[in-house]
Amino acid sequence: MARSIFPNPKPPFYRDTRTIAVLVQLVFLVGVLLAGWFLYNNMTTRLAAANTTTGGALSWNFLSQTAGFGISEGPAFQPEESYGRAYWVGVVNTLRVGLTGVLLATVVGLLAGVARVSNNWLLRQLAGVYVDLFRSTPLLVQLLFWYVGVIAALPNIQDAAELGNLGYLTNRGMYLSWPQLTATGLAWNGWLLGGGGVAVVVAWLQRRRLRRSGRLGSGLLAGVVAGGIVAAAGYAVVAANATLPTATTYELRRGDRGTLFEDRNGNGTLEPAIDQTLAHVPITLYGAQDEVVAHGSTEQDGTFRFADLPAEAVRLTWSTPPPLVLSEPQRQGFNFRGGVSLTPEFAALLLALFVYTGAFIAEIVRAGISAVGKGQWEASRALGLSTGATLQMIVLPQALRVIIPPLTSQYLNLVKNSSLAIAVGYPDLFNVSRTIVNQTGAEVQGIVLVMATYLTFSLVTSLFMNWYNRRVALVER
Amino acid sequence: MNKRLTMVAISLLIIAVVYSACAAPAPAPAAAPAPAESVATEPAAAEPAAPAEQAGSLIDTVKARGKLICGVNNQVPGFGNVDANGNYSGFDVDFCRAVAAGVLGDASAVEYRYASGNDRFTLVKSGEVDVLFRNTTWTLTRDSAEVGMEFMPVTFYDGQGMMVRKSSGITSIADMDGATVCVQSGTTTELNLADVFRAQELEFTPVVFEDNDKTLAAYDEGRCDGFTTDKSGLVSSMTKMADPSEHMILEDTMSKEPLAGAVFQGDPAWADAVRWIVNGLIEAEESGVTSQNINEMLGSENPTIKRLLGVEGEMGAKLGLANDFMVQALTQVGNYGEIYDRNLGPDTPFNLPRGVNALWSQGGLLYTPPFR
């Protein structure tokens, strides 16, 4: 029984590391709480002073009030709709640019990252220049470069550059011909869905068959062929059965625009048909002497427009369109109509986001590949596998474990960086929320809403990526 | 190792103490004119500052600070613009200077802050700026508790207009069906645009930017068929364009845009002070008092002028200002007419006729309540 050489074996409490740890944390917690309370108190007193009538209560009623402003792109939005709906349009626009950006950044990053470790000198250098250039300049500068320096320098709409038969390129955006489902084409949707299902099942069966016989391949080709056959068969059936009710009388609402009407209940009354049932229907307008005034076709929402009609039309007929038509952009009035269009704002933001983030992802991919031991490459070669096969089957699956966690951060960054949309006037959720806040004075609610939305996006992305990370992680036994 | 850690901790502590000692004098004068009941009892320095500011009026805060913080535009020549040397000038800016002269006796004691279309009301509500003179339209919603502004007398009666290319063949709004229009966000023009096109059943695509320069640049590059803002803003923007002769402003007036200053709604004393300085500038023009003749006018027998210039009636004291507050504003800045001519008159590139902005006695809309 040796006695301690220290006179007092128990140190005083202020020298006890356990006590100190707890104390420090307590002090920190109190500090954080005090700061939070100060900010909250500051806000409420100021609000109370400002809103003498409502007592500073934070109301969410503004979301249901009429917005009164227009939004340039995204889901159809009319000024008479509510602020809540306007915000929703902003959210969809953010998702549009965010998801497309994530997809493109991944492709670009993967290609550039693999190119960085390629044996090809030129490819390696090019990828290196790309990464260094875009990783080392600020995103906002790049965004303005794309918008002001590249897209604004395109020709004006009056002398739009033609892209062969594909469409037009102007500084108001790119207008492309695009296949679109017509009024009769809606029935084809079911066949398309069925075809997709068949494709998945066939691909899965084929893959299992291949695996059992010890071969590689995903069965993708078999799936696509099977799905394609179903879709083609469906198209033939739909095209053969397509008919549309016809109307013979029609009154134009504004001389040069209108909505197709149809007798839905079979009782002789014509009702407007804007519920997308009469999209892309060819129509002909006749004048009082039964002469043809104009030809055209309805748009996606069933409405049609004729700029500068020469005479007042009195009668309108339409014919049954094929299920699928190639909608071509045509200049009408001030802009192109028909086809699909890519606005300069969306294009600039998307370009900036994916090119910038792609450079970071390239470095992450390179690091991941470098983290796989050299022995893996050598062993793979010794077994006679090609470089491509080695990369695909040996190296990348191992590299993914290193790649996924930092990749998640890049995805989150991309989505959050999309709020720079405000610099080029793209109506993302932050841009729209700024207008809403300005008009309603709901600063606090607006910021809370924006933060909650971005937080939701980020958490969902993290959840998904963490799940994927666990899937590819090394399973230890 | 442990010693080094202690040293770091001590230095941090010293820095913190020095910093708080330096920071302390700043809020102290602001709190000084307010009742001092909280200073002795509350040990924490930061917390009493906030309630003191709430209780007192901005008049005291501004006087104690010795400087007026004014929210202005910096991209609209003639109204609020900043030059290469960082000097602010313009119609709105002169009202800031007049308020500073009236409250502090020094027209140059102004700190200008750029207020964007979207941020301007937040700046006023959060107390970042004392007063907003930034071509801001007086509307019901903005005046209400919802947005929380208190509007000053109208300084400029404006209307929304539309600029288009001469080559476009557009002669009125009715020709603009399907057009793309560049507009600044957070403005009444953004709303009027939707209203006007909706009323005429015209389709349009708005392209919305955060500030005036970006909006104008996008239009100038051909992104839009039209550029819309207040007509005064259009005239002003023309001076910034690559080739102004290619463009024209349509005759249509799309809305009423009474432009006025604004202050925080919960501070009636401050609102009254600013309101009567603005009124005084208009009253001075009506009474014929200018920065040139003010010394003779001080000896005037006209009772209105006597009250305006503080010779009799103690008008300033009723507002919490010096009795000669209008003398300071008029000497250093000039009356409404002088401000208008200096920034927008015939000798400027804009040469905007007074139009409805003339005095009521000359067929305009400017009319102030009596100084008594």
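Just above, that's the structure.
Reference entry: report on the structure contained in this document. All figures in this text were calculated on a predicted structure; none of them were measured in a lab.

1. Considering the overall build of chain A
Now for step 1: Each helix and strand in chain A was counted, giving 11 helices and 15 strands.
Now for step 2: Per-residue burial for chain A yields a buried fraction of 39% across its 477 residues.
Now for step 3: Only carbon and sulfur atoms are counted for the fraction: they give 64% of the accessible area of chain A, which is about 26,400 Å².

2. Digging into the interface of chain B and chain A
It is common to report an interface's size as the accessible area lost on association of the parts.
Now for step 1: Contacts between the two partners involve 54 residues from chain B and, on the opposite side, 48 residues from chain A.
Now for step 2: Roughly 4,100 Å² is buried in total at the junction of chain B and chain A, and carbon and sulfur atoms are behind 44% of that figure.
Now for step 3: In this structure, the connection of chain B to chain A is made through six salt bridges.
Now for step 4: The partner of Arg-434 of chain A in a salt bridge is Glu-210 of chain B, and the shortest N-O contact between them spans 2.4 Å.
Now for step 5: There are 13 residue pairs in polar contact (both at pLDDT 80 or more) connecting chain B and chain A.
Now for step 6: Counting residues per element, the ones that place at least two in the side of chain B that touches chain A are α4 (46-55), α7 (120-125), α8 (140-143), β8 (179-184), α9 (188-199) and β9 (204-209) of chain B.
Now for step 7: Its residues assigned to classes, the side of chain B that touches chain A comprises 18 nonpolar, 18 polar and 18 charged.

3. Some remarks on the environment of Trp-204 of chain A
Now for step 1: Along the chain, the position of Trp-204 of chain A falls in helix α5 (residues 188-212).
Now for step 2: Residues Trp-204 of chain A and Gly-223 of chain A, spaced 19 residues apart in sequence, show a C-alpha to C-alpha distance of 8.0 Å.

4. Re the sheet that holds strand β2 (residues 75-76) of chain B
All names here are of chain B.
Now for step 1: The sheet built from three strands is open, its strands ordered β2-β3-β4 with antiparallel pairing. Each edge of the sheet is formed by a strand with only one pairing partner; in this case those strands are β2 and β4 (88-89).
Now for step 2: Bridge count for strand β3 (residues 80-82) against β4 is two bridges, and the pairing is antiparallel. Bridge assignment links Asn-81 to a residue of β4, and that residue is Ser-89.

5. Quick notes on the packing of α5 of chain A against helix α6 (residues 220-241) of chain A
Residue and element names in this part refer to chain A.
Now for step 1: Put simply, α5 and α6 touch, their axes get as near as 7 Å, and they point 160 degrees apart. Relative to α6, α5 is oriented roughly antiparallel. Judged by the twist between their axes, the crossing of α5 over α6 is right-handed. Residue-level inspection shows Trp-188, Trp-191, Leu-192, Gly-194, Gly-195, Val-198, Ala-199, Val-202, Ala-203 and Gln-206 of α5 in contact with α6, the latter providing Ala-222, Gly-223, Ala-226, Gly-227, Val-230, Ala-231, Gly-234, Tyr-235, Val-237 and Val-238.
Now for step 2: Its residues assigned to classes, the contact of α5 with α6 comprises 14 nonpolar, six polar and no charged.

6. Quick word on the state of the cysteines
Covalent bonding between the sulfur atoms of two cysteines defines a disulfide.
Residues and elements named next belong to chain B.
Now for step 1: Within the structure shown, the criterion is met by two disulfides over all chains.
Now for step 2: Across the disulfide, Cys-70 is cross-linked to Cys-96 (sulfur-sulfur distance 1.9 Å). Taking the sign of the S-S torsion, about -60 degrees here, the bridge from Cys-70 to Cys-96 comes out left-handed. On the criterion of sequence distance, the pair formed by Cys-70 in strand β1 (residues 68-72) and Cys-96 in helix α6 (residues 91-104) is long-range, its members being 26 residues apart.
Now for step 3: Between the sulfur atoms of Cys-182 and its disulfide partner Cys-224 the distance amounts to 2.0 Å. Between Cys-182 and Cys-224 the disulfide shows an S-S torsion of about 75 degrees. By sign, it is right-handed. With Cys-182 in strand β8 and Cys-224 in the loop between α10 (212-220) and β10 (226-230), this pair connects stretches of sequence that are 42 residues apart.
Now for step 4: The connectivity of the disulfides in chain B is 1-2, 3-4, where the numbers refer to bonded cysteines in sequence order.

7. Regarding the pairing of strand β3 (residues 173-176) of chain A
Residue and element names in this part refer to chain A.
Now for step 1: Every second residue of β3 is oriented toward a common face, the buried set being Gly-173 and Tyr-175 and the non-buried set Met-174 and Leu-176.
Now for step 2: Strand direction decides the pairing type here: strand β2 (residues 167-170) and β3, joined by four bridges, are antiparallel. Residue pairing for β3: Thr-170 is matched across the bridge by Gly-173.
Now for step 3: Adjacent in sequence and paired antiparallel, β2 and β3 are bridged by two residues.
Now for step 4: As paired elements, β3 and strand β15 (residues 340-342) share three bridges and run antiparallel to each other. Bridged to Tyr-175 within β15 is Ser-341.

8. Description of unusual backbone geometry
All names here are of chain B.
Now for step 1: For Glu-201, which is not a glycine, the phi torsion comes out positive at approximately 55 degrees.
Now for step 2: Relative to the helices and strands, Glu-201 resides in the loop between α9 and β9.
Now for step 3: For Asn-351, which is not glycine, the phi torsion reads 45 degrees and is therefore positive.
Now for step 4: Tracing the backbone through its elements, the reader meets Asn-351 in the segment after α17 (336-344).

9. Section: the pairing of strand β9 (residues 292-297) of chain A
Residues and elements named next belong to chain A.
Now for step 1: The sheet contact formed by strand β8 (residues 282-286) and β9 spans five bridges and is antiparallel. Within β9, the residue paired with Ile-283 across the bridge is Gly-296.
Now for step 2: Counted between consecutive antiparallel strands, the loop separating β8 from β9 contains five residues, among which Asp-290 sits at a positive phi close to 65 degrees.

10. Some remarks on helix α10 (residues 429-440) of chain A
Now for step 1: For α10 of chain A, spanning 12 residues, the distance from its first C-alpha to its last is 16 Å, which sits close to the expected 16 Å at 1.5 Å a residue.
Now for step 2: Of all 12 residues making up α10 of chain A, 11 are buried, and the element is well covered by its neighbours.
Now for step 3: Those residues of α10 of chain A that fall on the buried side of the exposure criterion are Leu-429, Asn-431, Val-432, Ser-433, Arg-434, Thr-435, Ile-436, Val-437, Asn-438, Gln-439 and Thr-440 of chain A.
Now for step 4: Against the buried residues of α10 of chain A lie α2 (83-116) and α11 (443-472) of chain A together with α7, α8, α9 and β9 of chain B.
Now for step 5: Count one or two residues on from α10 of chain A and you reach Gly-441 of chain A, which has phi positive near 75 degrees.

11. Some details on the nonpolar core
Now for step 1: Core analysis: the largest hydrophobic core is formed by 58 residues, its most contacted members being Cys-70, Phe-91, Phe-133, Trp-270, Val-289 and Leu-309 of chain B.
Now for step 2: Those residues in contact with Val-289 of chain B that lie beyond four places of it in its chain are Ala-284, Ile-294, Met-297, Ile-305, Leu-308, Leu-309, Leu-330 and Asn-335 of chain B.
Now for step 3: Formed by 57 residues, the second largest nonpolar core is a distinct cluster that contains Leu-350, Ala-352, Leu-396 and Tyr-426 of chain A.

12. Here's the deal with the packing of aromatic side chains
Now for step 1: Applying the stated criterion to the full structure yields 29 aromatic pairs over all chains.
Now for step 2: Ring centres of Phe-91 of chain B and Tyr-336 of chain B lie 5.8 Å apart, and the angle between their planes is 90 degrees; on these two criteria the pair is classed as edge-to-face. One end of the pair, Phe-91 of chain B, is in helix α6; the other, Tyr-336 of chain B, is in helix α17, with 245 residues separating them in the sequence. We note that Phe-91 of chain B, like Tyr-336 of chain B, is buried.
Now for step 3: Linked through ring pairs, Phe-79, Phe-91, Phe-95, Phe-133, Phe-156, Tyr-336 and Tyr-340 of chain B together constitute an aromatic cluster.
Now for step 4: The lysine or arginine in question, Arg-96 of chain A, covers the ring of Phe-346 of chain A, its NZ or CZ lying 4.8 Å from the ring centre.
Now for step 5: Looking at Arg-165 of chain B, its charged tip hangs above the ring of Tyr-219 of chain B, at a distance of 4.6 Å from the centre.

The rules behind these values
Residues numbered from 1 in each chain as written. Chains lettered and ligands numbered in written order. Predicted model: local features only at pLDDT ≥ 70, side-chain atom pairs only at ≥ 80, totals over all residues. Heavy atoms only, no water. Helix = DSSP H or I, 4+ residues; strand = E, 2+ residues; numbered from the N terminus. Buried < 20%, exposed > 50% of the residue type's maximum accessible area, 1.4 Å probe, protein only. Areas by Shrake-Rupley, 256 points an atom, 1.4 Å probe, with all protein chains shown as cover. Contact = heavy atoms within 4.5 Å. Buried area = accessible area lost by both parts, 1.4 Å probe. Salt bridge = Lys/Arg side-chain N within 4 Å of Asp/Glu carboxyl O. Polar contact = N/O pair within 3.5 Å; in protein donor to acceptor, adjacent residues only side chain to side chain. Nonpolar A, V, L, I, M, F, W, Y, C, P; charged D, E, K, R; others polar. Pairing = 2+ DSSP bridges. Axes fitted to C-alpha atoms, helices over the stretch in contact; angles between N-to-C directions. Parallel < 35°, antiparallel > 145°, perpendicular 65-115°, else oblique. Left-handed = near helix turned anticlockwise from the far one by under 90°. Disulfide = S-S within 2.5 Å. Expected span 1.5 Å × (residues − 1). Core = buried A, V, L, I, M, F, W, Y, C linked by side-chain atoms within 4.5 Å. Phe/Tyr/Trp six-rings, centres within 6.5 Å; stacked < 30°, edge-to-face > 60°. Lys NZ or Arg CZ within 6 Å of the ring centre and 35° of its normal.

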